[in-house]
Amino acid sequence: MERLNLRDSGMKFVETHNHLTGWSPDAKQTFEELEAISTERGLHGFAISDHHDLDVFATEENPWEVDVPSYVETFYNRRRMPSKRGAGDKPGFLLSLELGWTPHNGVQLREIDEQYPFDYTIVAVHFYDGYDPFLHRDKIYFQNFEELYTSAINMIEQSARELSCSRIVAHYDFFSRYAPEDKSKMLYRHAPDSFDTLFRTMRDNEQILEINTGTISAMFRHKGYTMKEAMPDPQILKRYRELGGRFLTVASDAHRVEQNGRFVKEAIAYLNSLGFEEFAWFEERELHYSRVVL
Ligand SMILES: [Zn+2]
Ligand SMILES: [Zn+2]
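The rules behind each value
Residues numbered from 1 in each chain as written. Chains lettered and ligands numbered in written order. Predicted model: local features only at pLDDT ≥ 70, side-chain atom pairs only at ≥ 80, totals over all residues. Heavy atoms only, no water. Helix = DSSP H or I, 4+ residues; strand = E, 2+ residues; numbered from the N terminus. Rg over C-alpha atoms; globule rule 2.2 N^0.38 Å. Buried < 20%, exposed > 50% of the residue type's maximum accessible area, 1.4 Å probe, protein only. Contact = heavy atoms within 4.5 Å. Areas by Shrake-Rupley, 256 points an atom, 1.4 Å probe, with all protein chains shown as cover. Donors = N, O, S within 2.8 Å, 3.2 Å for Na, K, Ca; no water. Tetrahedral: all angles 85-135°; square planar, octahedral: opposite > 155°, others 65-115°. Phe/Tyr/Trp six-rings, centres within 6.5 Å; stacked < 30°, edge-to-face > 60°. Lys NZ or Arg CZ within 6 Å of the ring centre and 35° of its normal. Axes fitted to C-alpha atoms, helices over the stretch in contact; angles between N-to-C directions. Parallel < 35°, antiparallel > 145°, perpendicular 65-115°, else oblique. Left-handed = near helix turned anticlockwise from the far one by under 90°. Nonpolar A, V, L, I, M, F, W, Y, C, P; charged D, E, K, R; others polar. Pairing = 2+ DSSP bridges. Right-handed = clockwise from strand over helix to strand, strands pointing away. Polar contact = N/O pair within 3.5 Å; in protein donor to acceptor, adjacent residues only side chain to side chain.

Undergrad: Would you explain the overall build of the chain in this entry?
TA: For the chain, the count of helices and strands is 10 helices and 9 strands. Its C-alpha radius of gyration of 18 Å places the chain within 12% of the 19 Å reference for a compact globule of 294 residues. Summarising its shape, the C-alpha atoms of the chain cover approximately 55 × 45 × 35 Å along the three principal directions. Across the 294 residues that make up the chain, the buried fraction comes to 58%. The contacts in the chain between residues at least 6 apart in sequence include a share of 75% that link residues at least 24 apart. Of the roughly 12,500 Å² of accessible surface on the chain, a fraction of 48% belongs to carbon and sulfur atoms.

Undergrad: Any chance you could explain the coordination of the zinc ion (ligand 2) here in plain terms?
TA: Looking at the metal site, the zinc ion (ligand 2) is ligated by His-17 (NE2), His-19 (NE2), Glu-98 (OE) and Asp-253 (OD), spaced 2.0 to 2.4 Å from it. One can describe the donor arrangement at the zinc ion (ligand 2) as irregular, given that its 4 donor atoms subtend angles of 78 to 167° at the metal. When the donor residues of the zinc ion (ligand 2) are listed from N- to C-terminus, their spacing reads H-x1-H-x78-E-x154-D. A spacing of 3.5 Å is found between the zinc ion (ligand 2) and the zinc ion (ligand 1), which share Glu-98 as a donor. Placement of the pair is His-17 in the loop between β1 (14-15) and α1 (31-40) and Glu-98 in strand β3 (residues 92-100), with a sequence separation of 81 residues. Exposure remark for Glu-98: the relative accessible area of 0% places this residue in the buried category.

Undergrad: Mind showing me how you'd approach the side chain of Asp-113 here?
TA: Secondary-structure assignment places Asp-113 in helix α3 (residues 106-115). What Asp-113 contacts, discounting residues up to four positions off in sequence, is Leu-99, Thr-121, Cys-165, Ser-166 and Arg-285.

Undergrad: What am I meant to see in the packing of aromatic side chains here?
TA: Any pair of aromatic rings gets described here by the distance separating the centres and the angle formed by the planes. The final tally for this structure, using the stated rule, is 23 aromatic pairs. Between Phe-195 and Phe-199, the aromatic rings sit 5.8 Å apart at their centres with planes inclined by 35°, giving tilted as the arrangement. Placement of the pair is Phe-195 and Phe-199 together in helix α6 (residues 192-205), with a separation of 4 residues, close to one helical turn. Looking at Arg-78, its charged tip hangs above the ring of Phe-31, at a distance of 4.4 Å from the centre. Positioned above the aromatic ring of Tyr-225, the side-chain terminus of Lys-183 is 4.9 Å from the ring centre.

Undergrad: Looking at this model, I keep getting lost on the packing of α6 against helix α9 (residues 234-242). Mind explaining?
TA: The description of two packed helices rests on the angle between their axes and on the distance between the axes. At their nearest, the axes of α6 and α9 sit 9 Å apart, and the two run at 40° to each other. By the angle between their axes, α6 is oblique relative to α9. Here α6 runs over α9; the crossing is right-handed. Touching Phe-195, Asp-196, Phe-199, Arg-200 and Met-202 of α6 are Ile-236, Arg-239 and Tyr-240, all from α9. Classifying every residue of the contact of α6 with α9 gives 5 nonpolar, no polar and 3 charged.

Undergrad: Looking at this structure, I do not really get unusual backbone geometry. What am I missing?
TA: Note: most peptide bonds trans; most residues except glycine with negative phi. For Lys-183, which is not a glycine, the phi torsion comes out positive at approximately 55°. One can find Lys-183 in the loop between β5 (168-169) and α6. With a phi angle near 55°, Glu-206 is a residue other than glycine that sits in the positive phi range. By the secondary structure assignment, Glu-206 is in the loop between α6 and β6 (208-212). According to the relative accessible area criterion, Glu-206 is exposed, its value standing at 56%.

Undergrad: Explain helix α10 (residues 264-273) to me, please; I cannot follow it from the model alone.
TA: Owing to its 3.6 residues per turn, the α-helix aligns residues three or four sequence positions apart on the same side. Every buried residue of α10 is listed here: Val-264, Ala-267, Ile-268, Tyr-270, Leu-271 and Asn-272. Count one or two residues on from α10 and you reach Gly-275, which has phi positive near 95°.

Undergrad: When you look at the pairing of β6 in this model, what are you seeing that I'm missing?
TA: Two faces, one strand: in a regular strand the side chains alternate between the faces of the sheet. With 5 of its 5 residues buried, β6 lies for the most part within the structure. The sheet contact formed by β5 and β6 spans 2 bridges and is parallel. In the strand pairing of β6, Ile-168 is matched with Ile-208. What joins β5 to β6 is α6, and the crossover it makes is right-handed.

Undergrad: Honestly, the coordination of the zinc ion (ligand 1) in this entry has me stumped. Any pointers?
TA: Put simply, a metal with four donors set out as a tetrahedron has ideal angles of 109.5 degrees, and one with six donors set out as an octahedron has ideal angles of 90 or 180 degrees. Binding of the zinc ion (ligand 1) to the protein goes through Glu-98 (OE), His-126 (NE2) and His-171 (NE2), at separations of 2.0 to 2.1 Å. Of note, the donors binding the zinc ion (ligand 1) are all from one chain and are spaced E-x27-H-x44-H.

Undergrad: For this particular structure, what's the right way to read the environment of His-288?
TA: Following the sequence through the fold, His-288 ends up in strand β9 (residues 286-291). Along the backbone, His-288 and Leu-95 are 193 residues apart, and their C-alpha atoms lie at a distance of 15 Å. If we ignore the near neighbours within four places in the chain, the residues touching His-288 are Ser-83, Phe-279, Ala-280, Trp-281 and Glu-283. A distance of 3.5 Å separates a polar atom in the side chain of His-288 from a polar atom in the side chain of Glu-283.

So, in structure tokens, the structure goes:
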């Protein structure tokens, strides 16, 4: 794997989804490390978007819940808008939050989004009937892919609808990563009606689909796919476009330094081959995009 490096290319690409140690319990990179690698990669900008998963486990202290006021206080003034970036400036830096939606917390998460000055939030579904796909595989992967992925996309659609203020819909294919079977890639034909409904909701809310290279990595490394096969199903992307989706964001979702830029180059080249050339980010909730063709 070669990291995407856009230095001297003139192309502007913003990584919209990353985690920091001290803010996400599963992350091991500091802000300084993330900034340094983003500079080295010639990125136009990068964002932090730590986990905010409410009501995850019934423990008194939930490490998956960000202390939002101190998060904002720590990082708000360090923001640099990519669109205002001059020659020789460091990459832009945006403040985001990954809102972990469940059927019980939509109202609370919406309030967080409305109350704090994030550049944008990302809506994500990490749990299935309250179960973590990594820890409780038997509670999730007892059904066939059609059933499981239909329920998963229906949940994501509900999350996108309830958090219509969130601008990015994270990793639609998250549940395909942890299936015990090989060849668990999520396909359009597993849940065609659900995908259609999701993409219509996203069009109405002006939400952008994220291509999360963490899934590409999981498919390639653990699920027996070649790099080309590990890429998102072209039928899904075709349908996204037919239903009004123009922009994408490609995200490393890096939790550790070495994950920065993983398979981003391959993913962008693949998406280019399907006709997607415009990649988006948000500054103070406003859509920005740039053409990246590799
Ligand atoms: Zn996530
Ligand atoms: Zn994430």
